[in-house]
Structures are given as structure tokens and as C-alpha cells.
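Single-letter residue listing:
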Amino acid sequence: LPVLIVQASMDRAVPVENSELLWGRIGRPEKWTIQGNHLTLFLSLWLHTPRILDWADATVLTEDAP
């Protein structure tokens, strides 16, 4: 199952240590780190939409998908 983790480098709501632990436990899928905190990540997420869509197209979608 393709997974993409997007984490903030200085997140205190979801501490980086917890994100790293989750990342390791689910098999070390692709992970992007955004500079800033939890709020910065969510307020800037729209800036990353094209890259996220490219990742989804390349990783999740297949020829067999409806």
C-alpha cells in the first residue's frame, strides 16, 4: 500500500520523534519534511498540492484503476 508521510521539522503537535517512529514501523515509505511547525505545514499544504498530485499519479494510480 503506497504511503506518503508529510511532516513538519519543528512540529510539537505531532512530534518529529513520533513521526519517525511511525515511519519506521510502517516500513519507511516515502517521507517529505517541510520546514516549520504544525500550523506552517497545514497553512502551506496548498503549495505542495502539485507535487502531492504528481506523487499520487506516479505511485498510486495504475493502468487498472477505474
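Because the structure is a prediction, the values reported are computed rather than measured.

Procedures and definitions
Residues numbered from 1 in each chain as written. Predicted model: local features only at pLDDT ≥ 70, side-chain atom pairs only at ≥ 80, totals over all residues. Heavy atoms only, no water. Salt bridge = Lys/Arg side-chain N within 4 Å of Asp/Glu carboxyl O. Helix = DSSP H or I, 4+ residues; strand = E, 2+ residues; numbered from the N terminus. Pairing = 2+ DSSP bridges. Right-handed = clockwise from strand over helix to strand, strands pointing away. Buried < 20%, exposed > 50% of the residue type's maximum accessible area, 1.4 Å probe, protein only. Phe/Tyr/Trp six-rings, centres within 6.5 Å; stacked < 30°, edge-to-face > 60°. Lys NZ or Arg CZ within 6 Å of the ring centre and 35° of its normal. pLDDT = per-residue confidence, 0-100. Contact = heavy atoms within 4.5 Å. Polar contact = N/O pair within 3.5 Å; in protein donor to acceptor, adjacent residues only side chain to side chain.

Novice: Got a minute to help me understand the pattern of salt bridges in this structure?
Specialist: If charged atoms from side chains of opposite charge come close, those side chains can pair. By the definition in use, this model includes one salt bridge. Here glutamate 20 and lysine 31 are joined by a salt bridge, their closest N and O atoms 2.5 Å apart. Of this pair, glutamate 20 sits in helix 1 (residues 16-25) while lysine 31 is found in strand 2 (residues 30-34), placing the two residues 11 residues apart along the sequence.

Novice: Honestly, the pairing of strand 2 in this entry has me stumped. Any pointers?
Specialist: Working note: regular strand, side chains alternate between the two faces of the sheet. Where strand 1 (residues 4-8) and strand 2 come together, five bridges link them in parallel fashion. Residue valine 6 lies in a different strand from strand 2, and its bridge partner there is tryptophan 32. Viewed along the sheet, the connection from strand 1 through helix 1 into strand 2 turns out right-handed.

Novice: It is not clear to me how unusual backbone geometry should be interpreted in this structure. Could you clarify?
Specialist: Glycine aside, a negative phi is what most residues show, and trans is what most peptide bonds show. In this structure, arginine 28 takes a positive phi of about 60 degrees despite not being glycine. Relative to the helices and strands, arginine 28 resides in the loop between helix 1 and strand 2. The exposure class of arginine 28 is exposed, given its relative accessible area of 56%.

Novice: How do you make sense of the packing of aromatic side chains when you look at a structure like this?
Specialist: The geometry of an aromatic ring pair comes down to the distance between the two centres and the angle between the two planes. Across all of its chains, the model carries zero aromatic pairs by this definition. The ring centre of tryptophan 23 lies 3.9 Å from the NZ or CZ of lysine 31, which sits over that ring. Between the NZ or CZ atom of arginine 51 and the centre of the ring of tryptophan 32, over which it lies, the distance is 3.7 Å.

Novice: Is there a simple way to think about the confidence of the model for the protein in this case?
Specialist: Parts of the model with low pLDDT should not have their predicted coordinates read in detail. Chain-level statistics for the protein give a pLDDT mean of 90 and a share of 92% at 70 or above. Mean pLDDT across the elements of the protein bottoms out in helix 3 (residues 49-59) (93) and peaks in strand 2 (95).

Novice: Honestly, the environment of glycine 36 in this entry has me stumped. Any pointers?
Specialist: Tracing the backbone shows glycine 36 in the loop between strand 2 and helix 2 (38-44). Spatially, the C-alpha atom of glycine 36 lies 27 Å from that of alanine 58, the residues being 22 residues apart in sequence. Contacts of glycine 36, omitting those with residues within four sequence positions, involve Ala8, Ser9, Met10 and Asp11.

Novice: Even after reading the chapter, I still don't get the side chain of aspartate 11, so can you show me in this structure?
Specialist: Mapped onto the secondary structure, aspartate 11 falls in the loop between strand 1 and helix 1. Separated by 2.8 Å, the side chain of aspartate 11 and the backbone nitrogen of alanine 13 make a polar contact. At 3.0 Å, the side chain of aspartate 11 and the backbone nitrogen of valine 14 are in polar contact. In this view, aspartate 11 contacts Val16, Gly36, Asn37 and His38; residues no more than four positions away in its chain are not counted.

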